[in-house]
Amino acid sequence: MAKQSSKEIFSLGVWSDNPVFRQLIGICSALAVTNSLTNSLIMGLGLTFVTALSSFTISAIRQFTPKHIRMMVQVLIIAAYVIIVDIFLKAYYPEFSKTLGAYVGLIITNCIIMGRAEAFAQKNKPWPSFLDGIANGIGYSAVLLFIAFFRELMGFGTLFGFQILGDWWTSWTIMIMPPSAFFLLAIVIWITHNIQHRNEKSEVAKS
Amino acid sequence: MKKTFWYPIVFMSLLTAIFTFVLAFLEVSTADKVAENQRYDLQTKILYVFDIPVEDTSVDAVDRLFSDKITEDGDEFIYKEGDSIEGYAFPVAGSGLWGGIVGYVGISEDYSTLLGLTFITQSETPGLGGRIEEEEFLSQFRNLDVADATEGNYVVYNPSPGGNVDAIAGATLTSKSVANFMNVDIHKFITERKGE
């Protein structure tokens, strides 16, 4: 695999190869926590932390890892970092630990982390793997925050828990319920696909 | 060397040992903090159930106020003002729409009035069933007269005859379930106590 610069890693992870709207992975948690911006932010930070550090660790020991047990090794490393996030939240941010509850533990099953470990960290040096984890974490968080912005604003009339819309606003109950996440994610994919498609076309036309 | 039979086993065992050690270390070093958070959370909620005003919300002050007024008795709490018992708090639990709900109900010493209600665990839909944790719903149980309740119907939603509490609009199942398990558990507590 050709060496990629940090800039390329970031543009791939955040935009052109974005895990959520381009690769369509890690969607379950993206749907579950996005009815509040605060929860989405914490989830995004947690996932970025886990992806970056697990990619780093997996890459650092990749030359010593026997190929046929690499999945076991990856899951072990990912699980360890997720438990660290869980312990950290429990001890220092009990409020978030309570509201996010099971979702923090479910970071383990987030395909993005395993995906990056397999697709990138296995073949690259630790530092680029770390950056790749950060980039994908940002890509994931950006989509979550975008969806959460609309769900929280229309569902509760608030942003980060602060009242934004006045009494005249009738909260859309559907925005708090799971289905709205599907509608909004579909809209995000639609928009980003169109933009990316247009860019690709104009590049083809140029050459 | 990687191809030998023993290498993967040793490698995996070593890696597992290292990570287990790190996690165990973190767990032990934060155990006190976690326990303190949980105790603080429970204490503030029990104080809330008995409607005891908390002026200083720091951990130490809450702990002092709590041990000053409340004694634990198994899974129940007894609220004493001086030497006279003012009320009891006991757990109520049942299943909600998505998962288990656990809460505490405070009742006056003569079992005639509910002093308050709080929930410590619930996983209902945020903004719908989740609103059982909001003051608007909980405050309805503050000083709720249950002396005339018949057949174990302590909590009855309006507009049913004898209704004394408003359900949460849009969260019928959660509301119903809360009333049901509260009625069962309150009835059990009162009959057991009165039978003593």
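Residues numbered from 1 in each chain as written. Chains lettered and ligands numbered in written order. Predicted model: local features only at pLDDT ≥ 70, side-chain atom pairs only at ≥ 80, totals over all residues.

Asks: Sorry, what's going on with the overall build of chain B here?
Replies: Per the secondary structure count, chain B includes four helices and six strands. Structurally, chain B occupies a C-alpha span of about 80 × 40 × 35 Å along its principal axes. Residues counted as buried form 26% of the 196 residues belonging to chain B. (Helix = DSSP H or I, 4+ residues; strand = E, 2+ residues; numbered from the N terminus. Buried ≥ 20, exposed ≤ 12 C-beta atoms within 10 Å, placed from the backbone.)

Asks: It is not clear to me how the overall build of chain A should be interpreted in this structure. Could you clarify?
Replies: A count of helices and strands for chain A gives ten helices and two strands. The helix and strand sequence of chain A, counted from the amino end, reads α-α-α-α-α-α-α-α-β-β-α-α. In terms of overall size, chain A behaves like a compact globule, its C-alpha atoms giving a radius of gyration of 18 Å where 207 residues would be expected to give roughly 17 Å. Summarising its shape, the C-alpha atoms of chain A cover approximately 60 × 55 × 25 Å along the three principal directions. Put simply, of all contacts in chain A between residues at least 6 apart along the chain, 77% involve residues at least 24 apart. (Rg over C-alpha atoms; globule rule 2.2 N^0.38 Å. Contact = placed C-beta atoms within 7 Å.)

Asks: Help me out: how do you make sense of helix α4 (residues 70-92) of chain A in this one?
Replies: In an α-helix, one turn spans 3.6 residues, which is why side chains three or four residues apart end up on the same side. Here α4(A) spans 33 Å end to end across 23 residues, near enough to the 33 Å set by a 1.5 Å rise per residue. Considered for burial, the residues of α4(A) that qualify are A:Val73, A:Gln74, A:Ile77, A:Ile78, A:Ala80, A:Tyr81, A:Val82, A:Ile83, A:Val85, A:Ile87, A:Lys90 and A:Ala91. Residues of α4(A) that are buried sit in contact with α3 (37-60), α5 (94-100), α6 (102-105) and α7 (111-121) of chain A together with α1 (6-49) of chain B. (Expected span 1.5 Å × (residues − 1).)

Asks: It is not clear to me how the nonpolar core should be interpreted in this structure. Could you clarify?
Replies: Side chains that are nonpolar tend, in soluble globular proteins, to be buried together. All names here are of chain A. The biggest cluster of nonpolar side chains holds 50 residues, and the ones touching the most others in it are Val50, Ile78, Tyr81, Val82, Val143, Leu144 and Ile147. Contributing elements (two or more residues each) for this core: α1 (6-16), α2 (27-32), α3, α4, α7, α8 (126-156) and α10 (178-206). Beyond its immediate sequence surroundings of up to four residues, valine 143 is in contact with Asn18, Val20, Phe21, Ala30 and Val188. (Core = buried A, V, L, I, M, F, W, Y, C linked by C-beta atoms within 7 Å.)

Asks: Before we go on, may I ask you to explain the pairing of strand β5 (residues 113-121) of chain B in this structure?
Replies: In regular strands, side chains alternate between the two faces of the sheet. Residues and elements named next belong to chain B. Note that strand β4 (residues 100-108) and β5 share six bridges and pair antiparallel. What sits directly across from isoleucine 107, in β5, is leucine 114. The turn linking β4 back onto β5 is made up of four residues, and tyrosine 111 within it adopts a positive phi angle of 60°. As defined by bridge partners, β5 adjoins strand β6 (residues 144-145) across two bridges and the pair is classed as antiparallel. Across the sheet, the residue bridging to leucine 114 is leucine 144, located in β6. (Pairing = 2+ DSSP bridges.)

Asks: Looking at this model, I keep getting lost on the packing of α8(A) against α10(A). Mind explaining?
Replies: Describing two packed helices takes the angle between their axes plus the distance from one axis to the other. Residues and elements named next belong to chain A. For the pair α8 and α10, interaxial distance at closest approach is 10 Å and the crossing angle is 125°. Considering their axes alone, α8 and α10 lie oblique with respect to each other. Judged by the sense of rotation from one axis to the other, the crossing of α8 with α10 is right-handed. Contact residues: α8 offers Val143, Phe146, Ile147, Phe150 and Arg151, while α10 offers Ser180, Ala181, Leu184, Leu185 and Val188. A per-class count over the contact of α8 with α10 returns eight nonpolar, one polar and one charged. (Axes fitted to C-alpha atoms, helices over the stretch in contact; angles between N-to-C directions. Parallel < 35°, antiparallel > 145°, perpendicular 65-115°, else oblique. Left-handed = near helix turned anticlockwise from the far one by under 90°. Nonpolar A, V, L, I, M, F, W, Y, C, P; charged D, E, K, R; others polar.)

Asks: Is there a simple way to think about the interface of chain A and chain B in this case?
Replies: Taken together, the contact between chain A and chain B spans 21 residues of the former and 23 residues of the latter. Among the elements of the structure, α4, α8 and α9 (173-176) of chain A are those that each provide at least two residues to the side of chain A that touches chain B. Ranked by residues supplied to the side of chain A that touches chain B, first place goes to α4(A) with nine residues. Of the residues belonging to the side of chain A that touches chain B, the class tally is 15 nonpolar, five polar and one charged.

Asks: Before we go on, may I ask you to explain the confidence of the model for chain B in this structure?
Replies: Any region with low pLDDT has predicted coordinates that should not be read closely. Chain-level pLDDT for chain B is 89 on average; 98% of the residues reach the 70-or-more range. For this predicted complex, the interface confidence comes out at an ipTM of 0.78, alongside a pTM of 0.79. (pLDDT = per-residue confidence, 0-100.)

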